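Take a look at the letters that make up each chain.
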Amino acid sequence: MQYRNTSMRYGLVAQFFHWLIVALIITQFVLAEIFEDMPLGLEKIAMIVRHKEIGMTVLLLAILRLIWRYFNTTPVLPDTLKTYERRLAHLTHTLLYLLIFAIPVSGWIMSSLAKIPVDYFGLFVFPDLVSPDKSLVDTSKVVHELLTKALLIVVGLHVIAALKHHFFLKDDVLKRMLPFHKPD
Ligand code: HEM
Ligand code: HEM
C-alpha cells in the first residue's frame, strides 16, 4: 500500500490524517457531552483542559494534512458522476476543511477572550489570539457551538454520500479511503 495518493486512491498518509481526525472529533463531542452536564469543579475543568488539548491537536493535524494534500494528487472522482454531484463533493470537502480549522480556532479565541491560556499537554502555551474581553466570551461560545452543529450537518451529508457510493453506486469511493482495500 502506497504512502502517497494516486489518481485512483488515497495513500496511507492521507488516510491516516482522515481517520485520526475523525476519531479525535468524535472524542471531542463525547467529552463536551460529558462536561456540559457536570457541576463546575476540578473534574470539569480537567475535562475542558483535555478538550482544548485534543482540539488544538486537530488544528495542528489539519495544517499538516493540507500541506500533505498540496504535495499530492487528489484521486479523481468516477466518470459516472454528474457535474452537480462533483461540485457538491468538492463543496462538502471544502466546508469540512474550513470547519476543522474554524472550530478549534473559535475555541482558541474563546479561551483568549476569557483569559484562560491554552496549555498544550504541559509542553507549551499557545499565545492568545485576541485580547481578553469577558463581554465577548458568551458570543464566542455561541459561535463555537454553531460551528460544531454545522459540522454535524456537513459530516452527515458526507457520510450519506460515502455510503451511497458504496452500497448503491457500488464504486470504490469509500474503499479508496480505507486501508487494506484494493480499488476495483
Ligand atoms: C475539532 C475540535 C473541537 C470540537 C469538535 C469541539 C466541540 C465542542 C462542543 C460540541 C462543545 C459543546 C458546545 C455546546 O453544546 O455548548 C464544545 C465546548 C467547548 N469547547 Fe470545543 N471543540 C473543539 C475544539 C476546541 C478548542 C481547540 C478549544 C479551546 C482551545 C475548545 C474549547 C471549548 C470550551 C471552553 C467549551 C465549553 C464552553 C462552555 O463553557 O459551555 N474547543 N466544544
Ligand atoms: C468528522 C468527520 C469527518 C470529516 C471532518 C471528514 C473530512 C473529509 C475531507 C476533508 C475529505 C476530503 C479529503 C481530500 O480530498 O483531501 C474526506 C474524504 C472522504 N471521507 Fe471523510 N470526513 C469525516 C468522516 C467520514 C466518515 C465517517 C466516512 C465514512 C463513512 C468518510 C468517508 C470519506 C471518503 C470515502 C472520502 C473520499 C472521498 C473521495 O474519494 O472523493 N468520512 N473526508
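Being a predicted model, the structure only gives us computed values, none of them experimental.

What counts and what doesn't
Residues numbered from 1 in each chain as written. Chains lettered and ligands numbered in written order. Predicted model: local features only at pLDDT ≥ 70, side-chain atom pairs only at ≥ 80, totals over all residues. Heavy atoms only, no water. Donors = N, O, S within 2.8 Å, 3.2 Å for Na, K, Ca; no water. Tetrahedral: all angles 85-135°; square planar, octahedral: opposite > 155°, others 65-115°. Helix = DSSP H or I, 4+ residues; strand = E, 2+ residues; numbered from the N terminus. Expected span 1.5 Å × (residues − 1). Buried < 20%, exposed > 50% of the residue type's maximum accessible area, 1.4 Å probe, protein only. Contact = heavy atoms within 4.5 Å.

Participant: Please provide a residue-by-residue account of the coordination of the iron atom of ligand 1, values included.
Facilitator: Within the protein, the atoms that donate to the iron atom of ligand 1 are His51 (NE2) and His144 (NE2), at distances of 2.0 to 2.1 Å. In this structure, the iron atom of ligand 1 is surrounded by six donor atoms whose angles at the metal cover 87 to 179°, and the resulting shape is octahedral. Here His144 lies in helix α4 (residues 137-169) and His51 lies in helix α2 (residues 42-70), a separation of 93 residues in the sequence.

Participant: Outline α4, supporting the account with residue identities and numerical values.
Facilitator: For α4, spanning 33 residues, the distance from its first C-alpha to its last is 46 Å, which sits close to the expected 48 Å at 1.5 Å a residue. For α4, the full list of buried residues reads Val137, Ser140, His144, Thr148, Leu151, Val154 and His165. Where the residues of α4 are buried, they touch α1 (12-36), α2 and α3 (83-114). Backbone geometry just downstream of α4 places Lys170 in the positive-phi region, at approximately 50°.

Participant: Talk me through the environment of Met8; I want residue IDs and the actual numbers.
Facilitator: Following the sequence through the fold, Met8 ends up in the segment before α1. Considering only alpha carbons, one finds Met8 and Glu36, 28 residues apart in sequence, at a separation of 43 Å. Setting aside its immediate chain neighbours within four residues, Met8 contacts Pro75 and Arg176.

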